[in-house]
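Examining the three-dimensional arrangement
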There are 2 protein chains.
Amino acid sequence: MPQLGLLHWRAWTVLLGQLRRPPGAVCIRAVRSHSQVAEALFASQLKPYQEKSNFIIKTPKGTRDLSPQQMVVREKILDVVVSCFKRHGAKGLDTPAFELKEVLTEKYGEDCGLIYDLQDQGGELLSLRYDLTVPFARYLAMNKVKKMKRYHVGKVWRRESPTIAQGRYREFYQCDFDIAGQFDPMIPDAECLKIMCEILSGLQLGDFLIKVNDRRILDGIFTVCGVPESKFHAICSSVDKLDKMSWKDVRHEMVVKKGLAPEVTDRIGDYVQCHGGISLVEQMFQDPILSQNKQALEGLGDLKLLFEYLTLFGVAEKVSFDLSLARGLDYYTGVIYEAVLLQTPVHAEEEPLNVGSVAAGGRYDGLVGMFDPRGHKVPCVGLSIGVERIFSIVEQRMKIFGEKIRTTETQVFVATPQKNFLQERLKLIAELWDAGIKAELMYKNNPKLLPQLHYCENMGIPLVVIIGEQELKEGVIKLRSVASREEVAIKRENLVAEIQKRLS
Amino acid sequence: MPQLGLLHWRAWTVLLGQLRRPPGAVCIRAVRSHSQVAEALFASQLKPYQEKSNFIIKTPKGTRDLSPQQMVVREKILDVVVSCFKRHGAKGLDTPAFELKEVLTEKYGEDCGLIYDLQDQGGELLSLRYDLTVPFARYLAMNKVKKMKRYHVGKVWRRESPTIAQGRYREFYQCDFDIAGQFDPMIPDAECLKIMCEILSGLQLGDFLIKVNDRRILDGIFTVCGVPESKFHAICSSVDKLDKMSWKDVRHEMVVKKGLAPEVTDRIGDYVQCHGGISLVEQMFQDPILSQNKQALEGLGDLKLLFEYLTLFGVAEKVSFDLSLARGLDYYTGVIYEAVLLQTPVHAEEEPLNVGSVAAGGRYDGLVGMFDPRGHKVPCVGLSIGVERIFSIVEQRMKIFGEKIRTTETQVFVATPQKNFLQERLKLIAELWDAGIKAELMYKNNPKLLPQLHYCENMGIPLVVIIGEQELKEGVIKLRSVASREEVAIKRENLVAEIQKRLS
């Protein structure tokens, strides 16, 4: 799709970049009250639903329509994301919205209950895709592709309890970038983290931090601490809660709910509460107990290399080695990462919005092999941008600032001050369209001039072409600038050229 | 999403515009054999599927993956379509992939059996959307929107028997443009037909024709010919087959299968075999029997006005009044239309591809009212572009011409001729990325120079930045043009500026 409304990109960057806006700078156009904008933005969620024969008109639970205003914002976000993916040489790929049910089976661990199944209407058993990673792995295996750098932007569906305030929906977009293939260690992994930094910086969402860990280090910790292998999964999911719960509560869950010995739990606690930079990697290398574990050593070695590359990329200070990061999905095998926004109160009026992670990913070297009859592996590493959550943040800021966004790109409006000029208007506008000029007119036989001009002002259309009796007689057209209200007469045959000159 | 690979747009227009290509003009780059390209393009359909524990890896019946080559072509098609919609002042809108089952009920007539239902997993009963029109009407009613010009590009799903050779799939994109609101007659309708012409011309698919008719004229014909009202639907669907079957066969179906009296059938035959331009509208006005019918007269009056506006838009000669056009969907209430490609044998090698209609639409004044508790109507008219079928045609032409399309937009490759230069390459490429330059490197510690240069040639990357021992010592970088193989040394600090200069 082509670029959207460049004219008003600035309006949005002002919003996004409010922290960086010089004091005293004003919004470009703040024409509506906050409540009006909020109403427009959240129309699909807040409007009362009508009843008709016991049937309530609504969108399905956890889903929403995107209004034109929301579409403009979303396309801007996707534009930043996709531009970055392309800057890193990724190719596009699309897969169907649903997969054979078996393709999704045993890929998501505890989350598998959240998959939407299609009804058996005679034929194959199908499920809506849960992410874009498993379909990508299926594509690679099916087509025996051994090497590929691809991006994919598409909707995925999860039957979660929607918490719309946090920007969590049952239908949402994912924007994925993945590198498949056997390469020298940590170069693609470092590029993934660099991409996350570029996108999060580009979106101007405020400060952020990327937590990294490695599945092998976690497994190593569990082993050396004495966790029985059967409990790895359960303990891992407890550890993952450390970003929302205190160690005391997590410890309680491990001991009471998961039946882990207190002394084992405490040993784990000593590790998973650590986070820091490259020096923590070094420290863990020196750890007399952990360094006995081969898996952990491999993970630490890779992280050391990763930090070295991140330093060369100039993003090491954005990345923190966080031993509590576990990530839910089953398919990760090595380095894992998750980006969180640092909750600086951006604006006094802004309510704190807990959006959770806004980007995440990791290495999954075994997933493609699960689809290959001989188990041939294709190592992969990738990332996913949580655009829906990012979108919630941007929406919230827009609510506060009451910014008006152009939802069309119309450049010229064809108007008349007199009756019986529909034919002339239709001939004129067809000429403009055929010349590639974005143009509109009123769908009325005899519109009054004032409503036509008001429409242009409301919609932000910069130019008006006016044709009436006198113009027709003189073979001219009046060209009016909406902003300055200046009008000039232009020879009919020069009109297109003049408009193109003014628009360029 | 941003614009895609402008560099190679020309390669595709050469393909699309083969009829207009001057004799002797050559393809820009035809580096692969036909079969190789075909293989690449149809990889997802033709590759043998592997078996693993009785499980065949495939995409669901009637669906497909889109490879990077296909994605580039599709995005180009969508770009033409969406640009046109925006040229006509449309706003974007998005709706969920699924709707409450009840939203889709009783909207599609005989086709309702083709709707995909989701499994009842506890909660609402849901169905995948069948088109973008019903969700649009639901949106208007739900939000009490009385006036809107919107476009929507999105996937829809239909459980049809897939005939992939005709470009028919169970999952496919629709590109819809609709105008909702009470306006003076036929102005928005004429704009819809103008848009169809602009898009089909813009896509350079060869000559096309748009058939128009009006539901009220059809109903009038059935009434004056003596069809019992209970048989309107059945007879309408027989009439609709006249584009694929002879009148003799359709007549047989009406009389034998649908039990219509032969003399009634013959009266219908006299009408529905007519097609022509505005003069046929005039002729029907004079028809002593049909002109007795109020509904038919209304329809004819509107068509007369429509042709007048189409003449002003300069597209009347592309439009044919075709009394056999009926359109399957239940919700149409007035003018209906359908665009077909005229099957000129474009190329000797090209097999005739029956793609059916490539765009269609009509007026549906009652649909929004079906969702409103008080039945408040919002008149609508719109069109849908059958991008999937258009895509099939383009794909087939590409197969024949064996064109290579760039699937990435990479501008610069960072290479080295020596060992131990990974660190320098990483530092360099980060600089390029941070300057917004699209850049790649090999994920190897010590790659050989030749494979690096070959990669650039294969992928169409125009520039190579080379860093080695000597360059490092002298504080320079070698910049190589892949096409000319010329190399120049550039001061390290001027590199980004020099690259940007060359790329602009």
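Residues numbered from 1 in each chain as written. Chains lettered and ligands numbered in written order. Predicted model: local features only at pLDDT ≥ 70, side-chain atom pairs only at ≥ 80, totals over all residues. Heavy atoms only, no water.

Selection criterion: UniProt positions are given in the numbering used here, feature names are shortened, and annotations may be inferred rather than shown by experiment.
The name given to chain A in an unreviewed UniProt entry is histidine--tRNA ligase, with the source organism recorded as Rangifer tarandus platyrhynchus. According to UniProt, the comment filed for chain A under the heading Catalytic activity (unreviewed entry) is "tRNA(His) + L-histidine + ATP = L-histidyl-tRNA(His) + AMP + diphosphate + H(+)".

1. Description of the relation of the copies chain B and chain A
To keep things clear, this is the line we draw: Only residues with pLDDT of at least 70 in both copies contribute their C-alpha atoms to the least-squares superposition of the copies. Contacts are residue-level and defined by heavy atoms, with any inter-residue pair within 4.5 Å sufficient.
Note on the identical chains: chain B maps onto chain A by a rotation of 180 degrees and an axial translation of 0.0 Å, with an RMSD of 0.0 Å. Taken together, the rotation angle and the small translation identify this as a two-fold axis. When you check the interface residues of chain B against chain A, 99% turn up at the interface there too, and the contact is symmetric in its surfaces.

2. Side note on the confidence of the model for chain A
All names here are of chain A. Rules: In predicted models, pLDDT denotes the confidence assigned by the predictor to each residue on a 0 to 100 scale.
Averaged over every residue, the pLDDT of chain A is 86; residues scoring 70 or more account for 85%. Residue range residues 1–10 is modelled with pLDDT below 50. Its contacts to residues more than four positions away, or to other chains, number 32 contacts. Here residues 14–52 is modelled with pLDDT under 50, and outside its nearest four sequence neighbours on either side it reaches 87 contacts, counting other chains as well. For this predicted complex, the interface confidence comes out at an ipTM of 0.86, alongside a pTM of 0.87.

3. Here we look at the pattern of salt bridges
Quick note on the threshold: Each reported salt bridge corresponds to a side-chain nitrogen of Lys or Arg within 4 Å of a carboxyl oxygen of Asp or Glu. Here a strand is any run of E in DSSP of at least two residues, a helix any run of H or I of at least four, and the numbering for each starts at the N terminus. Three labels apply to residues, based on accessible area from a 1.4 Å probe with only protein chains included: buried if under 20% of the type maximum, exposed if over 50%, partly exposed otherwise in between.
Within this structure, the stated rule accounts for 75 salt bridges over all chains. The residue R216(A) makes a salt bridge to E298(A) at a minimum N-O spacing of 3.6 Å. Placement of the pair is R216(A) in helix α8 (residues 215–225) and E298(A) in helix α13 (residues 294–312), with a sequence separation of 82 residues. Assessed through its relative accessible area of 14%, R216(A) is described here as buried. The shortest N-O distance in the salt bridge between K501(A) and E498(A) comes to 3.7 Å. Here K501(A) and its partner E498(A) are both found in helix α18 (residues 495–503), three residues apart, which amounts to about one turn of the helix. Given the relative accessible area of 58%, K501(A) is considered exposed. Put simply, R64(A), R74(A), K155(A), E171(A), E388(A), E395(A) and D94(B) are held in one network by salt bridges that share partners.

4. As for the packing of aromatic side chains
Given two aromatic rings, their pairing is described by the distance between the two centres and the angle made by the two planes. Stated precisely, the cut-off is as follows: Ring pairs shown here join Phe, Tyr and Trp side chains whose ring centres sit within 6.5 Å, with only the six-membered ring taken for Trp; geometry is labelled stacked below 30 degrees between planes, edge-to-face above 60, and tilted in between. By definition here, charges over rings are those cases where NZ of Lys or CZ of Arg is within 6 Å of the ring centre and within 35 degrees of the ring normal.
Following the criterion strictly, the structure yields 18 aromatic pairs over all chains and no others. Look at F98(A) and Y116(B): their rings are 5.2 Å apart centre to centre, the planes differ by 45 degrees, and that puts the pair in the tilted class. Of this pair, F98(A) sits in strand β4 (residues 98–100) while Y116(B) sits in the loop between α5 (101–104) and β5 (126–128), each in a different chain. Across this residue pair, the class does not change: F98(A) and Y116(B) are buried. Three or more aromatic residues joined by ring pairs make a cluster, and in this case those are F85(A), Y151(A) and F177(A). Over the ring of F391(A) we find R74(A), and its NZ or CZ is 5.9 Å from the ring centre.

5. Here's the deal with the sheet that holds strand β10 (residues 319–322) of chain A
Residue and element names in this part refer to chain A. For clarity, the cut-off: A pair of strands is labelled paired if DSSP reports no fewer than 2 bridges between them. Each axis is a line fitted through C-alpha atoms, and for a helix only the stretch in contact is used; angles between axes span 0 to 180 degrees, taken between their N-to-C directions.
With mixed pairing, nine strands are arranged side by side in an open sheet as β3-β6-β7-β13-β12-β11-β8-β10-β9. Here the strands that pair on one side only, and so sit at the sheet edges, are β3 (91–92) and β9 (275–276). Strands in contact with α13 are β8 (208–214), β10 and β11 (335–341); relative to β10, the strand with the most contacts, it is inclined by about 170 degrees.

6. Considering the pairing of strand β7 (residues 171–180) of chain B
Side-chain direction in a regular strand flips from residue to residue, so the side chains alternate between the two faces of the sheet. Residues and elements named next belong to chain B. Counted residue by residue, β7 has ten buried out of ten residues, so it is predominantly covered. Both faces of β7 are covered, namely the face carrying E171, Y173, C175, F177 and I179 and the face carrying F172, Q174, D176, D178 and A180. With ten bridges joining them, strand β6 (residues 148–157) and β7 adopt antiparallel strand pairing. Its bridge partner being in β7, V153 is matched across the sheet by C175.

7. Considering unusual backbone geometry
Trans is the common state for peptide bonds, and a negative phi is the common state for residues other than glycine. Phi angles above zero are rare outside glycine, and N420(A) is one such case at about 60 degrees. In this fold, N420(A) is placed in the loop between β14 (412–415) and α15 (422–434). Accessibility expressed as a relative area gives 67% for N420(A), which makes it exposed. Even without being glycine, M186(B) reaches a positive phi, approximately 75 degrees. Within the secondary structure layout, M186(B) lies in the loop between β7 and α7 (187–202).

8. A look at the environment of P68(A)
Among the structural elements, P68(A) can be located in helix α4 (residues 68–87). Taking C-alpha positions, P68(A) is 5.8 Å from T407(A), a pair spaced 339 residues apart along the chain. With residues up to four places along the chain from it excluded, the contact list for P68(A) reads T407(A), K91(B), G92(B), L93(B), Y139(B) and M148(B).

9. Observations regarding the interface of chain B and chain A
Put simply, the test is: Pairs of N or O atoms are called polar contacts if they sit within 3.5 Å, as long as, within protein, a hydrogen donor faces a hydrogen acceptor (for residues adjacent in sequence, only side-chain-to-side-chain pairs). Note on residue classes: Ala, Val, Leu, Ile, Met, Phe, Trp, Tyr, Cys and Pro are nonpolar, Asp, Glu, Lys and Arg are charged, and everything else, Gly too, is polar.
The partner chain A presents 111 residues to the 112 residues of chain B that form the contact. At the junction of chain B with chain A, the criterion picks out 14 salt bridges. A salt bridge links K58(A) to E124(B); its shortest N-O distance comes to 2.5 Å. Our count for the chain B to chain A interface comes out at 44 residue pairs in polar contact (both at pLDDT 80 or more). Considering every element that reaches the side of chain B that touches chain A, the biggest residue donor is helix α4 (residues 68–87) of chain B, with nine residues. Tallied by class, the residues present in the side of chain B that touches chain A amount to 53 nonpolar, 23 polar and 36 charged.

10. Describing the environment of Q273(B)
Residue and element names in this part refer to chain B. Of note, Q273 is situated in the loop between α11 (262–272) and β9 (275–276). Spatially, the C-alpha atom of Q273 lies 8.3 Å from that of L242, the residues being 31 residues apart in sequence. Of note is the side chain of Q273, whose polar atom sits 3.0 Å from the backbone oxygen of G269.

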